[in-house]
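# A closer look at the structure
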Amino acid sequence: MHFFGSILPFTAFATAACMARFPKPHIQPWVPPGPDDSRGPCPMINTLANHGYLPHHGRNITASLIEHAFTSFLNVEAGFADPARDFAKAFGRDIFDLVDLNTPGIIQHITSLTRDDYTPEHPHLIANPLRIESLLADSDTPFLTVDSIAKTRLRLLQESKPRVLPDNEVTFTLFEAAMTLTMMSDSSPNADSNPPPSAYQGPKDRIRTWFEEERFPTEFGWRPSKRTIRLADMSPAIDAIVKSMAKQDHSGIAMKFHT
Ligand code: HEM
Ligand SMILES: *[C@@H]1O[C@H](CO)[C@@H](O)[C@H](O)[C@H]1NC(C)=O
């Protein structure tokens, strides 16, 4: 009795003092995956599982679980989880493990920013640190930009030769490039305000932590967006990346995107 009587007011006081000095939303601790935990090729979904916003074991996952993590924690609109519903339909099961997302030809594709190209012998589920270094090195500022990620996309298309990224998978790569620029920023530009290409800047230190450790880089100031990020907010970034690719595409490898 005495014990609880004395400890409770103290912890309540300590918590209140802490909240006043660091007024930030509580972010659940990062726990790396263990050998029996399932992870896939999506750095955001893996990160949510590593922080416990999706089941940490990564098994028996549904589109609704992903949608809930997106809307309740990440503060992106529900539509960002649509690919999970499309995946479940194409995969033929409503309940899947995160590793299933590495099935080629549904969402997973070649020319990834962080993962080497899939082959049946080498599925390359885990990010290649050298690939992340090259992505970061494509910009000579502390930020990834529209131009740097367009340069990266062109470089990766070249590096995958003779394999060719199928037309129907091009959109995924552009969308993922746009999300790489926006999701680690302090605020995602609002498409309604006609943001210029320069509004899209992803801090390298945060992107490195996100991609290398699949962890939310709170030590570099990352927080979930205050404004709900909409699918439409990705469009100006995608348009700008396509334009920049056209400008930088001296070998014509991405000709077909330019229309
Ligand atoms: C806010 C929502 C999301 C964000 C920020 C996000 C972020 C990303 C990024 C940046 C990549 C590129 C990684 C790379 O190229 O190496 C990626 C890849 C991927 N994402 Fe997500 N993602 C989101 C939602 C989803 C959803 C809903 C699914 C489906 C369940 C999904 C499945 C995948 C898959 C399968 C890949 C691998 C593509 C590849 O082969 O490179 N993602 N994601
Ligand atoms: C996933 O679902 C299967 C089938 O219902 C069950 O046997 C298994 O224990 C579940 N795994 C986890 C980690 O919940």
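Preceding block: the structure.
What this report covers is the structure whose coordinates are included nearby. Here the structure is a predicted model, which means the values were calculated and not measured.

## Comments concerning the packing of aromatic side chains
Counted by the stated rule, this structure contains eight aromatic pairs. Between phenylalanine 216 and tryptophan 222 the ring centres are 4.4 Å apart and the planes differ by 10 degrees, which places this aromatic pair in the stacked class. Neither residue differs from the other here; phenylalanine 216 and tryptophan 222 are each classed as buried. Put simply, the rings of Tyr53, Phe73, Phe216 and Trp222 touch in pairs and so form one group of aromatic residues. In this structure, arginine 215 packs its charged tip against the face of tryptophan 30, placed 5.9 Å from the ring centre.

## Quick notes on empty space enclosed by the protein
Within this structure, the stated rule accounts for one cavity of 30 Å³ or more. One number sums up the size of the largest cavity: a volume of about 50 Å³. Lining the largest cavity we find Leu74, Thr182, Met183, Ser185, Trp222, Arg223, Pro224, Ser225 and Ile229. Of the residues that constitute the lining of the largest cavity, the class distribution is five nonpolar, three polar and one charged.

## Section: the layout of surface pockets
One simple way to see leftover space: roll a probe sized like a water molecule over the atoms. Of the volumes computed, that of the largest pocket is approximately 850 Å³. Residue lining of the largest pocket: 43 residues in total, with Cys42, Pro43, Ile107, Glu176 and Met179 positioned closest to the centre. When residues of the lining of the largest pocket are traced back to their parent elements, those giving at least two are α2 (43-50), α3 (63-74), α4 (82-91), α7 (167-182) and α8 (204-213). Here the lining of the largest pocket is built from residues that sort into 26 nonpolar, 11 polar and six charged. Looking at which domains feed residues into the lining of the largest pocket, each of domain 1 (36-108) and domain 2 (128-259) gives three or more. What the second largest pocket holds in volume is close to 210 Å³. In terms of residues, the lining of the second largest pocket owes the most to one element, α8, which gives three residues. Partitioning the lining of the second largest pocket into residue classes produces seven nonpolar, four polar and five charged. Both of domain 1 (36-108) and domain 2 (128-259) provide at least three residues apiece to the lining of the second largest pocket.

## Thoughts on the coordination of the iron atom of ligand 1
A lone protein donor contacts the iron atom of ligand 1, and this donor is Cys42 (SG), found at 2.3 Å. Tracing the chain through its elements places cysteine 42 in the loop between α1 (2-21) and α2.

Each value, and the rule that gives it
- Sequence order sets the numbering: in each chain, residues are counted from 1 along the sequence as written.
- Chain labels run from A onward and ligand labels from 1 onward, assigned in the order the entries are written.
- Predicted model: local features are reported for residues with pLDDT of at least 70 only, side-chain atom pairs are reported and counted for 80 or more only, and whole-chain, interface and lining totals are derived from all residues.
- Side-chain descriptors were evaluated using all non-hydrogen atoms of the structure, hydrogens and water having been removed beforehand.
- When two rings of Phe, Tyr or Trp (its six-membered ring) have centres within 6.5 Å they constitute a pair, described as stacked for plane angles under 30 degrees, edge-to-face for angles over 60, and tilted for the intermediate range.
- Working definition: with a 1.4 Å probe on protein chains only, accessible area under 20% of the residue-type maximum means buried, over 50% means exposed, and in between means partly exposed.
- Two conditions define a charge sitting above a ring: the NZ of Lys or the CZ of Arg must be within 6 Å of the ring centre, and it must be within 35 degrees of the ring normal.
- Grid spacing is 1 Å over the protein atoms alone, the probe is 1.4 Å, and a cavity is where that probe fits but cannot get out, while a pocket is an open set with protein on both sides within 12 Å along at least five of seven lines and lining residues have an atom within 4 Å of a point.
- Grid points are joined across faces, edges and corners, and a volume is the space filled by probe spheres set on the points.
- Gly is put with the polar residues, along with every residue not named as nonpolar or charged; the nonpolar set is Ala, Val, Leu, Ile, Met, Phe, Trp, Tyr, Cys and Pro, and the charged set is Asp, Glu, Lys and Arg.
- A run of DSSP states H or I qualifies as a helix once it reaches four residues; a run of E qualifies as a strand once it reaches two. Both are numbered from the N-terminal end.
- For the domain bounds, the source is a domain assignment made automatically or taken from a database.
- In this listing, donors mean N, O and S atoms no farther than 2.8 Å from the metal, or 3.2 Å for Na, K and Ca; water is missing from the atoms, so a site can look incomplete.

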